[in-house]
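As a plain string of letters, each chain reads:
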Amino acid sequence: MVMPDLNLLIALDALLAEESVARAAKRLRLSPSAMSRTLARLREVMGDPLLVRAGRGLVPSPRALALKAEVRDIVHTAETILRPLEALDLGHLTRSFTLRAREGFAETFGPALIARIDAEAPGVRLRFVPKLDKDSSPLRDGSVDLETGILDGSIGPEIRAQALFQDRFVGVVRAQHPLGEGVMTAARYAAGRHIAVSRRGLAKGGIDAILARLGLERAIKISVGSFSAALALARASDLIATVPARHTAALQAGMYPFPLDVPEITISLLWHPRHEADPGHRWLRGCVREVCGAGANGQ
């Protein structure tokens with residue numbers, strides 16, 4: 001069996017990333033003619049044009065598009081394996097990390113996490129981006145380093161996960177709301193006017209299914225796509241927002257939350273296996289776990 005030339009994978013990764021022979025050559029410090037010959041060899045080996053002329057540029061073939069992320073992962077893994085392991089010097093670590101989470105996470109846990117990072121690794125920069133869906137692509141392509149969320153079948157099978165904390169949905173109303181007085185029951189909760197939260201625009205969700213089992217139904221007056229929007233509306237009206245208690249604790253300031261008899265949910269930390277052994281990434285995962293675990297029973 002003839003072993004394939006694995007150097008071709010590095011060239012293929014550069015070509016698919018740059019979609020240009022000249023830029024790929026510059027990236028790998030080769031001449032354009034050498035990179036052009038390598039592309040010709042790749043086409044012969046793989047039986048596919050890979051990059052096709054379109055006007056003055058090149059566009060990837062369908063097979064090239066399908067392989068792009070996989071090739072990037074293979075090359076990244078090889079680079080990690082062959083890189084000498086160095087002791088992590090947090091005091092001199094200069095790096096940016098991107099964390100994707102739903103609204104409320106940064107406001108609730110961000111201050112403590114930033115304080116922890118500043119104290120241990122002042123050269124590290126943290127970037128929060130909104131989680132608009134459950135697509136695992138940002139973790140796969142490396143545009144997101146860490147993500148928080150609820151595990152379900154939509155998460156990529158290769159994605160690593162670790163539980164951060166337990167949370168529970170609560171009803172939240174403005175201060176001096178009539179629901180702030182007296183004993184809260186499922187019937188009182190259902191009888192109010194509600195804000196539904198759904199990124200997909202669904203009119204009903206898990207809370208409604210639980211109420212239905214009790215023979216109850218809530219009147220939904222408006223549907224929004226985020227917890228922050230729901231809480232802002234509830235703050236300025238008599239509507240009820242139903243949100244995860246710990247996740248949105250900082251957004252509930254000055255409002256009245258009341259418990260609901262619903263099952264707890266588990267919020268997990270997610271990352272791609274390419275970062276499993278990365279010392280800096282491993283350190284950040286530990287920071288997030290400890291910050292989210294602190295006071296877990298206090299909110």
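Definitions and limits used
Residues numbered from 1 in each chain as written. Predicted model: local features only at pLDDT ≥ 70, side-chain atom pairs only at ≥ 80, totals over all residues. Heavy atoms only, no water. Helix = DSSP H or I, 4+ residues; strand = E, 2+ residues; numbered from the N terminus. Buried < 20%, exposed > 50% of the residue type's maximum accessible area, 1.4 Å probe, protein only. Pairing = 2+ DSSP bridges. Axes fitted to C-alpha atoms, helices over the stretch in contact; angles between N-to-C directions. Contact = heavy atoms within 4.5 Å. Core = buried A, V, L, I, M, F, W, Y, C linked by side-chain atoms within 4.5 Å. Salt bridge = Lys/Arg side-chain N within 4 Å of Asp/Glu carboxyl O. Arc of directions from axis to C-beta. Polar contact = N/O pair within 3.5 Å; in protein donor to acceptor, adjacent residues only side chain to side chain.

A word on unusual backbone geometry. With phi around 50°, Glu-19 is a residue other than glycine that occupies positive phi space. With phi around 65°, Leu-50 is a residue other than glycine that occupies positive phi space. Topologically, Leu-50 is positioned in the loop between helix H3 (32-46) and strand S1 (51-54). The exposure class assigned to Leu-50 is buried, which follows from its relative accessible area of 2%.

Time to look at the sheet that holds strand S6 (residues 160-167). Taken in spatial order, the five strands make up an open sheet running S4-S3-S5-S12-S6, and their pairing is mixed. Pairing within the sheet leaves two strands with one partner each, and these edge strands are strand S4 (124-130) and S6. Across the sheet, the axes of successive neighbouring strands diverge by a mean angle of 20°, strand direction being ignored. Bridge count for strand S3 (residues 95-101) against S4 is seven bridges, and the pairing is parallel. When the bridges of S4 are listed, Arg-95 appears paired with Val-124. Here helix H5 (residues 105-120) sits on the sheet in contact with S3, S4, strand S5 (146-149) and S6, set at roughly 170° to S4. Strand contacts of helix H10 (residues 279-293): S3, S4, S5, S6 and strand S12 (265-271), with the helix running at about 45° to S3, the strand carrying the most contacts.

Here the focus is the nonpolar core. Formed by 23 residues in total, the largest nonpolar core has its most connected members in Phe-105 and Val-288. Those elements that provide at least two residues to this core are S3, H5, S6, S12 and H10. Ignoring any residue separated from it by four or fewer positions in sequence, one finds Val-288 in contact with Leu-99, Phe-105, Leu-113, Leu-146, Leu-164 and Leu-269. By size, the runner-up hydrophobic cluster in this structure holds 20 residues, among which are Leu-15, Val-21, Met-35 and Leu-51.

Looking now at the pattern of salt bridges. In total, this model carries 19 salt bridges according to the counting rule given. Here Asp-5 ties to Arg-41 by a salt bridge, and the two come within 3.1 Å at their closest N and O atoms. With Asp-5 in the segment before helix H1 (7-18) and Arg-41 in helix H3, this residue pair connects regions lying 36 residues apart in the sequence. For Arg-41, a relative accessible area of 40% translates into the label partly exposed. Taking the shortest distance from any N to any O, the salt bridge between Glu-276 and Arg-160 comes out at 3.4 Å. In this pair, Glu-276 is assigned in the loop between S12 and H10 and Arg-160 in strand S6, connecting sequence segments 116 residues apart. Each of the salt bridges in this network shares a partner with another, and the network as a whole consists of Asp-13, Glu-18, Arg-23, Arg-27 and Arg-72.

With that settled, the discussion passes to helix H2 (residues 21-28). Here H2 has its buried residues at Val-21, Ala-24 and Ala-25. Down the axis of H2, the sector holding all buried residues measures 100°, keeping them to one side. If you follow the buried residues of H2, they end up packed against H1, H3 and strand S2 (57-60). Where H2 begins, the capping side chain belongs to Ser-20, and its oxygen is found 3.4 Å from the backbone nitrogen of Ala-22.

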